[in-house]
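Each chain, letter by letter, is given below.
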Amino acid sequence: AQHLLGIEHLSRDDIVSILDLAEQYVELNRQPHKHVDTLAGMTQINMFFENSTRTQSSFEIAGKRLGADVMNMAMGASSIKKGETLIDTALTLNAMNPDLLVVRHPHSGAVDLLSEKVNCAVLNAGDGRHEHPTQALLDALTIRRAKGRLHRLSVAICGDIAHSRVARSNIFMLNKMESRIRLIAPVTLLPSGIDQFGVEVFDDMAEGLEGVDVVMMLRLQRERMDGAFIPSPREYYHRWGLTAEKLSHAKDDAIVMHPGPMNRGVEIDGEIADDLNRSVIQEQVEMGVAVRMAAMELLVKARRDAKRDVGVMV
Ligand code: CP
């Protein structure tokens with residue numbers, strides 16, 4: 001592949017290749033010396049048009065550990081503020097010959113559009129409610145390490161499915177890996193047509209969590225709600241917030257995940273989030289660096305091989 005825009009168009013083998021390489025980087029990242037020169041001499045530009053803590057910092061760390069020169073565009077201080085469009089901004093940066101562009105944007109499809117205009121590899125760091133592919137890959141690596149496999153698991157994805165690119169990317173990923181997906185959400189936070197995605201739908205947490213291996217909680221994404229009806233935070237926590245009582249319906253060894261940022265006491269009880277016997281939330285963050293290193297390395301190699309195939313000097 002030339003870009004990483006979503007999980008939808010990746011094959012099962014593509015996913016496994018990224019996870020296998022990421023495993024090696026997990027080991028490297030735990031060593032005192034964490035640098036390799038895989039991307040030495042290359043330039044990576046991070047363009048985040050939406051706030052981020054985990055994704056932006058881990059893409060920056062991943063690029064630096066691979067030896068790339070990494071530049072974080074401060075989008076709030078850029079000429080976007082003077083009215084320059086997304087595409088003109090991308091063309092301007094493209095003229096500086098970067099090798100990798102990492103882009104987060106509030107509009108679904110914006111990163112795909114941008115990828116058609118530039119000459120380098122583009123990685124989607126989250127576009128609107130469309131996809132967040134590296135999040136699904138880091139979730140996959142976390143699940144595989146905890147459960148030893150990705151197939152034939154029962155995974156509950158709970159909360160604001162309608163506005164969640166994390167849920168969409170994970171649904172594509174888990175379907176490709178032949179796991180069973182249970183969505184648990186208030187009806188107002190389910191996207192229309194969800195039944196075409198090969199999922200079971202519940203609005204009751206106890207029913208939906210019965211016997212699952214993995215409990216994936218989601219944030220209420222108020223920035224994308226456009227006035228959709230949602231219960232008050234108190235009511236939401238009462239019915240859909242993850243508590244010890246609700247978690248008792250899952251398997252005894254079920255793991256608890258959350259992509260972050262989380263609202264403690266709304267989506268999840270803080271004690272469960274911090275319970276290292278159940279919660280793998282910090283491990284998800286750790287896997288994020290390894291998965292992003294693997295994804296960037298494989299993209300750069302694929303582009304180099306493609307150029308070699310058509311006889312361009314590299
Ligand atoms: N999970 C995730 O994308 O977090 P950030 O918004 O902090 O990057």
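In this text the structure is predicted, and so the values were computed from the model without any measurement.

Asker: I would appreciate a short explanation of unusual backbone geometry in the present structure.
Answerer: Among all residues except glycine, the phi angle is most often negative; among peptide bonds, the trans geometry is most common. Following G260, the chain continues into P261 via a peptide bond in cis, with omega recorded as -10°. With respect to the helices and strands, P261 occurs in the loop between β9 (255-257) and α10 (270-274). Positioned with a positive phi, N97 is a non-glycine residue whose angle comes to about 60°. With relative accessibility at 58%, the residue N97 sits in the exposed group. Unlike most non-glycine residues, E178 shows phi in positive territory, near 60°.

Asker: How do you make sense of the UniProt feature "domain: Aspartate/ornithine carbamoyltransferase carbamoyl-P binding" (unreviewed entry) in the protein chain when you look at a structure like this?
Answerer: Mapped onto the present numbering, the UniProt feature "domain: Aspartate/ornithine carbamoyltransferase carbamoyl-P binding" (unreviewed entry) falls at residues 2-144. Annotated as residues 2-144, this span is 40% helix and 17% strand, and its ends, taken at the C-alpha atoms, are 26 Å apart.

Asker: I'm lost on the environment of D213 in this one. Help?
Answerer: For D213, the position within the fold is in the loop between α7 (205-209) and β8 (214-217). For the pair D213 and V266, spaced 53 residues apart in the sequence, the C-alpha separation amounts to 22 Å. Excluding residues within four positions of it along the chain, D213 makes contact with K147, L153, S154, K251, D253, A254 and I255. Among the polar contacts listed, one links the side chain of D213 to the side chain of K251, at a separation of 2.8 Å.

Reading the values: the criteria
- Residues numbered from 1 in each chain as written.
- Predicted model: local features only at pLDDT ≥ 70, side-chain atom pairs only at ≥ 80, totals over all residues.
- Heavy atoms only, no water.
- Helix = DSSP H or I, 4+ residues; strand = E, 2+ residues; numbered from the N terminus.
- Buried < 20%, exposed > 50% of the residue type's maximum accessible area, 1.4 Å probe, protein only.
- UniProt positions renumbered as here; feature names shortened; annotations may be inferred.
- Contact = heavy atoms within 4.5 Å.
- Polar contact = N/O pair within 3.5 Å; in protein donor to acceptor, adjacent residues only side chain to side chain.

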